[in-house]
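Observations on the model geometry
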There are 2 protein chains.
Amino acid sequence: MTGEKTGGATRVVMVMATIRQRIAGRSLTPGAKLPSVRSLAAALKVSTSTVVDAYERLVGEGAILSRPGSGFYVAGQAAPFSLVEAGPQLDRVVDPFWVSRQSLETSDDILKPGCGWLPSGWLPQQSMRRALRTMSRAEGPVLADYSSPLGLPSLRQLIARRMAERGMEAFPDQIMLTESGTQAIDLICRLLLEAGDTVLIDDPCYFNFHALLRAHRAKIVSVPYTPSGPDIEVLARVLADHRPRLYITNSAIHNPTGATLSPVVAHRVLKLADQFDLTIVEDDIFADFEHVPAPRLAAFDGLTRVIHIGSFSKTLSASARCGFVAARPEWIDGLTDLKIATSFAGGRLSSELVLATLSDGSYRKHVEALRHSLAQAMATVSTRLKALGIIPWLEPQAGIFLWCRLPDDIDAADVARIALERNIVLAPGNVFSLSQSASSFMRFNVSQTLDPHVFDVLGDALDTVRKPDFSQSGTREEFAAAGRG
Amino acid sequence: MTGEKTGGATRVVMVMATIRQRIAGRSLTPGAKLPSVRSLAAALKVSTSTVVDAYERLVGEGAILSRPGSGFYVAGQAAPFSLVEAGPQLDRVVDPFWVSRQSLETSDDILKPGCGWLPSGWLPQQSMRRALRTMSRAEGPVLADYSSPLGLPSLRQLIARRMAERGMEAFPDQIMLTESGTQAIDLICRLLLEAGDTVLIDDPCYFNFHALLRAHRAKIVSVPYTPSGPDIEVLARVLADHRPRLYITNSAIHNPTGATLSPVVAHRVLKLADQFDLTIVEDDIFADFEHVPAPRLAAFDGLTRVIHIGSFSKTLSASARCGFVAARPEWIDGLTDLKIATSFAGGRLSSELVLATLSDGSYRKHVEALRHSLAQAMATVSTRLKALGIIPWLEPQAGIFLWCRLPDDIDAADVARIALERNIVLAPGNVFSLSQSASSFMRFNVSQTLDPHVFDVLGDALDTVRKPDFSQSGTREEFAAAGRG
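Attention in this report is confined to the structure presented alongside it. (Residues numbered from 1 in each chain as written. Chains lettered and ligands numbered in written order. Predicted model: local features only at pLDDT ≥ 70, side-chain atom pairs only at ≥ 80, totals over all residues. Heavy atoms only, no water.)

Residues and elements named next belong to chain A. For the pair helix α7 (residues 153–165) and helix α14 (residues 348–359), interaxial distance at closest approach is 9 Å and the crossing angle is 50°. Compared by their axis directions, α7 and α14 come out oblique. The two elements α7 and α14 cross, and the hand of that crossing is left-handed. Together, S154, L155, L158 and R162 of α7 and S351, V354, L355, L358 and S359 of α14 make up the contact between the two elements. A per-class count over the contact of α7 with α14 returns five nonpolar, three polar and one charged. (Axes fitted to C-alpha atoms, helices over the stretch in contact; angles between N-to-C directions. Helix = DSSP H or I, 4+ residues; strand = E, 2+ residues; numbered from the N terminus. Parallel < 35°, antiparallel > 145°, perpendicular 65-115°, else oblique. Left-handed = near helix turned anticlockwise from the far one by under 90°. Contact = heavy atoms within 4.5 Å. Nonpolar A, V, L, I, M, F, W, Y, C, P; charged D, E, K, R; others polar.)

What follows covers the side chain of R190 of chain A. With respect to the helices and strands, R190 of chain A occurs in helix α8 (residues 181–192). Here R190 of chain A falls in the buried class, since its relative accessible area comes to 7%. Within the structure, R190 of chain A has its side chain in polar contact with the side chain of D186 of chain B (distance 2.7 Å). At 3.2 Å, the side chain of R190 of chain A forms a polar contact with the side chain of H216 of chain B. (Buried < 20%, exposed > 50% of the residue type's maximum accessible area, 1.4 Å probe, protein only. Polar contact = N/O pair within 3.5 Å; in protein donor to acceptor, adjacent residues only side chain to side chain.)

All names here are of chain A. Close contact between helix α15 (residues 363–387) and helix α17 (residues 452–466) brings their axes to 10 Å; oriented N to C, the two are set at 20°. Regarding the angle of α15 to α17, the classification is roughly parallel. Considering only the axes of α15 and α17, their crossing is right-handed. For the pair formed by α15 and α17, the contact residues are V381, R384 and L385 on the first element and P452, F455 and L458 on the second. The residue makeup of the contact of α15 with α17, split by class, is five nonpolar, no polar and one charged.

Tallying the contact residues gives 90 residues for chain A and 89 residues for chain B. The contact between chain A and chain B buries some 7,600 Å² in all, and 55% of this surface belongs to carbon and sulfur atoms. Looking at the side of chain A facing chain B, the largest losses of area belong to L104, Y146 and F344 of chain A, adding up to 10% of the total buried there. At the junction of chain A with chain B, the criterion picks out 10 salt bridges. (Buried area = accessible area lost by both parts, 1.4 Å probe. Salt bridge = Lys/Arg side-chain N within 4 Å of Asp/Glu carboxyl O.)

Moving on to the nonpolar core. Within the largest apolar cluster, 112 residues are counted, with the highest numbers of intra-cluster contacts made by L155 and I280 of chain A together with L155 and I280 of chain B. Setting aside chain neighbours within four positions, we find L155 of chain B in contact with L177, C322, S351, V354, L355 and L358 of chain B. Listed in part, the 50 residues of the second largest apolar core include W98, I332, L335 and L338 of chain A. (Core = buried A, V, L, I, M, F, W, Y, C linked by side-chain atoms within 4.5 Å.)

Further remarks concern the sheet that holds strand β5 (residues 219–226) of chain A. The strand order across the open sheet built from eight strands is β3-β10-β9-β8-β7-β4-β5-β6 (chain A), with neighbouring strands paired in mixed fashion. The sheet is open, and its two edges are formed by β3 (175–178) and β6 (229–230) of chain A, each paired on a single side. (Pairing = 2+ DSSP bridges.)

All right, on to helix α16 (residues 412–421) of chain A then. All names here are of chain A. Extensive coverage of α16 is indicated by the burial of nine of its 10 residues. When α16 is considered as a whole, its buried residues turn out to be A412, A413, D414, V415, A416, R417, I418, A419 and L420. Between the side-chain oxygen at the start of α16 and the backbone nitrogen of A413 there is a gap of 2.8 Å, and the oxygen is on D411. Directly beyond the C-terminal end of α16, a positive phi value near 65° is found at N423.

This part takes up the packing of aromatic side chains. Residues and elements named next belong to chain A. Applying the stated rule across the entire model yields 24 aromatic pairs over all chains. Relative to F432, the ring of W403 has its centre 5.5 Å away and its plane inclined at 85°; by these criteria the two rings are edge-to-face. Taken together, the positions of W403 in strand β12 (residues 401–405) and F432 in the loop between β13 (427–428) and β14 (441–445) put the pair 29 residues apart, joining distant regions of the chain. The exposure classification of W403 matches that of F432, with both residues buried. Following the ring pairs from residue to residue traces out a cluster consisting of Y206, F207, F209, W403, F432 and F441. The aromatic ring of W331 is capped on one face by R328, whose charged end is 4.3 Å from the ring centroid. (Phe/Tyr/Trp six-rings, centres within 6.5 Å; stacked < 30°, edge-to-face > 60°. Lys NZ or Arg CZ within 6 Å of the ring centre and 35° of its normal.)

In the superposition of chain A on chain B (RMSD 0.2 Å, axial shift 0.0 Å), the rotation amounts to 180°. What the rotation and shift describe, once combined, is the action of a two-fold rotation axis. A share of 99% of interface residues in chain A that are also interface residues in chain B marks the association as one of identical surfaces. (Least-squares fit on C-alpha atoms with pLDDT ≥ 70 in both.)

The next subject is the pairing of strand β5 (residues 219–226) of chain B. Residue and element names in this part refer to chain B. Relative to β5, strand β4 (residues 198–203) is paired through six bridges, and the arrangement is parallel. Each residue of the ladder has a partner; that of I201, found in β5, is S222. Of the crossover connections in this fold, the one passing from β4 over helix α9 (residues 207–215) to the parallel β5 is right-handed. Judged from the two bridges that link them, β5 and strand β6 (residues 229–230) form a sheet pairing that is antiparallel. Its bridge partner lying in β6, T226 is registered against G229. The turn linking β5 back onto β6 is made up of two residues. (Right-handed = clockwise from strand over helix to strand, strands pointing away.)

Bringing the pattern of salt bridges into the picture now. Residues and elements named next belong to chain A. Tallied over the entire structure, the rule returns 44 salt bridges over all chains. Among the ionic pairs, R156 bridges to D173, the shortest N-O distance being 3.7 Å. Taken together, the positions of R156 in helix α7 and D173 in the loop between α7 and β3 put the pair 17 residues apart, joining distant regions of the chain. Where D284 meets R296, a salt bridge forms, and the shortest distance between an N and an O atom there is 2.8 Å.

Right, let's talk about helix α13 (residues 329–343) of chain B for a bit. Residues and elements named next belong to chain B. Taking 1.5 Å per residue as the helical rise, α13 with its 15 residues ought to reach 21 Å, and the 21 Å between its terminal C-alpha atoms agrees with that figure. The buried count for α13 comes to 12 of 15 residues, which makes it a mostly enclosed element. Burial in α13 covers these residues: W331, I332, G334, L335, T336, D337, L338, K339, I340, A341, T342 and S343. Positive backbone phi, at 55°, marks F344, one or two positions downstream of α13. (Expected span 1.5 Å × (residues − 1).)

Let us look at the sheet that holds β5 of chain B. Residue and element names in this part refer to chain B. Across the sheet, which stays open at both edges, the eight strands sit in the order β3-β10-β9-β8-β7-β4-β5-β6 with mixed pairing between neighbours. Edge positions in the sheet fall to β3 (175–178) and β6, since each has one partner strand and no second. Contacts from helix α7 (residues 153–165) reach β3, β9 (306–311) and β10 (323–326), with the element oriented near 115° to β3. Across the sheet, α9 is in contact with β4, β5, β7 (246–249) and β8 (279–283); its angle to β4 comes to roughly 170°.

Here it is in structure tokens:
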């Protein structure tokens with residue numbers, strides 16, 4: 001019991017986190033009575049005084065209410081901010097962590113129109129098989145050793161050449177390999193952000209940016225995305241009002257909208273960035289899907305205030321993961337130290353496999369075939385969605401995503417919940433939207449939406465939601481019970 | 001110029017970081033005059049007022065001095081704490097980032113007695129080659145897909161069985177795969193630490209723990225390590241005085257000392273952990289080098305307040321990196337969210353390769369042969385070092401490290417500097433020591449110390465340092481000029 005008294009502060013925090021998580025995961029809904037102090041203490045193996053402290057602090061935060069003589073109850077509002085909770089919404093289907101987890105769970109009988117990658121059959125498996133056979137005859141260090149701090153020099157040279165083809169100048173020493181594009185952005189946040197710094201994202205944007213920035217305790221502000229880039233007038237206002245340290249965006253093919261940055265908007269974004277001393281992270285992981293290269297912020301800016309991110313997970317393999325970051329030399333220096341401190345060094349094998357696969361001459365053909373297949377899928381899926389009244393916000397020039405509005409202002413989260421019961425993972429709009437203004441939108445990955453069953457289920461779900469007796473709360477409770485909360 | 005005025009705070013921070021880095025890298029030594037405001041502003045493309053602000057703040061921090069009418073000068077003391085700098089020392093040879101970078105740079109003509117891994121020829125290359133050929137015939141998803149959130153189920157089952165052999169009970173669902181052991185510890189710090197929390201480490205300990213904890217802005221305290229574990233009396237005092245949130249340690253084979261935790265000390269550590277509500281991270285990446293399993297904290301504790309870390313980089317391959325963390329289910333839940341947020345998901349290939357290599361029946365034989373070779377190397381290297389007056393602190397029961405005291409209180413950093421000029425990377429003691437009390441110690445990796453050239457260079461270096469005209473500062477300056485600073 002001494003331990004409880006002396007070092008109990010962290011236990012109190014753990015109990016608070018447990019309760020917050022239950023609230024966020026909706027196993028405790030607003031108005032629900034919390035477990036008694038005694039029973040929770042027994043369940044979590046902590047003292048009753050720890051639970052009392054935790055409950056009192058949660059009352060202080062407004063997350064729960066105390067009703068003297070009766071017990072503690074969940075307040076009507078969302079749980080307070082916390083790193084590993086469901087986020088600003090109570091609803092796990094629009095929680096970025098949860099959507100990622102659902103998409104990543106592997107099961108053959110699940111369809112995933114909501115995920116962000118191609119079916120494995122679309123990726124260059126013969127080329128990967130060839131590269132694996134080549135590796136099996138490679139020298140010992142290739143099979144056994146860590147990567148060098150910046151990563152495989154010949155792959156960095158190849159990346160520099162590929163960037164040059166898109167108008168971006170970077171020396172190989174300005175390029176650091178990472179495990180993934182996500183790790184690259186994470187390291188940039190570690191280098192450039194302090195807790196409490198403000199970061200700007202697009203609304204809508206890739207939902208994992210929300211999760212990542214929450215992990216960095218960043219304040220997040222957003223700018224609406226238009227078909228030609230961020231809304232410049234709003235951008236100017238947000239920069240003036242909030243002075244964000246970073247802006248994380250996609251240029252070429254925007255996720256989730258499929259929009260393409262126009263040269264005019266790109267130029268204005270960079271002028272504003274200069275004016276407000278903004279650093280821009282340009283996440284360009286969908287580059288190889290493009291038919292015609294769109295303007296890159298990094299090309300205009302020359303890697304002065306733009307940091308450029310790429311990866312091979314989308315067009316080559318997510319199994320042998322490899323990403324990269326190109327930036328100012330002094331930032332690469334700091335990023336390298338941070339990479340070593342937090343992951344020591346990458347494995348050499350993934351980068352060797354990527355290099356072998358990119359160099360064997362078949363990659364360009366593969367990518368061309370992929371663009372063709374995607375264009376066909378885009379047309380097919382677009383037509384079938386329109387037949388259900390699900391209308392694309394724009395017709396993307398390239399890529400895998402269709403950003404669509406559901407008919408009759410139907411809530412996409414309701415549709416996603418119903419579809420999940422039938423083993424289909426969808427991506428409802430608000431998971432991408434900081435302002436939560438995309439409730440009737442949904443992102444479709446056209447390569448994962450070709451199975452006719454998807455459209456049957458979508459049609460059924462729309463019909464169900466339209467019925468006058470459709471009870472949101474009932475479905476939501478079932479959903480919460482089925483979820484991990 | 002508006003930008004300078006309005007958003008200049010971050011630029012000021014960048015200028016400060018640049019200067020700190022130059023001081024840390026010794027391109028600016030104590031007493032040296034700083035660049036003029038005008039020339040630095042031009043070089044860094046910032047306004048002069050930004051440089052003036054930065055210089056004034058550095059004066060406020062005591063890093064530099066202002067001499068009115070003359071300019072700014074580097075103060076006599078070490079640069080203030082900063083994330084990506086050389087650390088508390090001015091000397092890059094005892095900077096953990098720098099030692100890691102030197103070790104990881106690949107060049108065939110460099111010998112690395114100071115690194116922490118085996119030569120590639122000691123690792124099971126035939127088994128890796130076989131596994132790569134098997135993978136080349138694997139199903140599409142193995143070649144193309146992300147890992148599931150927790151990672152390959154069959155590998156997690158195998159890890160649970162291996163842990164059981166060492167007395168540790170963990171369900172496969174309590175095990176999450178990571179890219180590396182380092183990533184596992186990093187995620188734990190992200191989950192359990194707030195900036196400014198205190199973390200306890202051993203003195204000496206693995207030098208990258210210093211770098212990692214600095215990246216987390218943690219306060220670091222240490223406990224001296226004895227041949228049977230941490231010094232229990234000091235541990236009790238440090239826990240009472242500093243209330244650390246975490247204790248990061250190795251149980252089985254301690255890095256760098258090669259010491260083994262005794263059951264008595266293990267029990268006392270856990271009692272103190274209970275009393276002070278301490279969470280312990282047990283980094284067990286050298287487990288497979290053991291001849292006889294030593295006690296694990298996780299075995300006694302049952303994964304209540306101990307988190308167990310493992311990896312296959314040391315005995316199998318650092319090229320196909322794969323680590324894991326075993327912990328309480330609710331922590332695994334939070335760690336999984338954090339892994340997704342900060343690296344999305346691991347690649348599937350590394351874990352499939354590790355599984356194939358561990359399951360093909362040859363791994364146990366390989367590890368037995370490895371232990372035998374290491375025991376021989378340990379004896380050979382120990383004898384040769386003793387002949388130079390370099391005396392092991394203890395004779396380790398197993399593993400790759402000999403922690404040795406140099407003769408005549410010679411400064412190991414001096415020896416490391418001289419050896420580096422002759423292409424030999426050593427690991428001087430203070431890089432492992434928070435208290436900087438290991439200046440005449442050095443860690444030798446016996447597998448990387450078998451080349452007779454190492455002992456020639458060591459002998460020469462000791463002779464050089466012993467000479468009455470040996471000028472520390474001269475060598476240091478040459479060294480700094482050769483370094484990356």
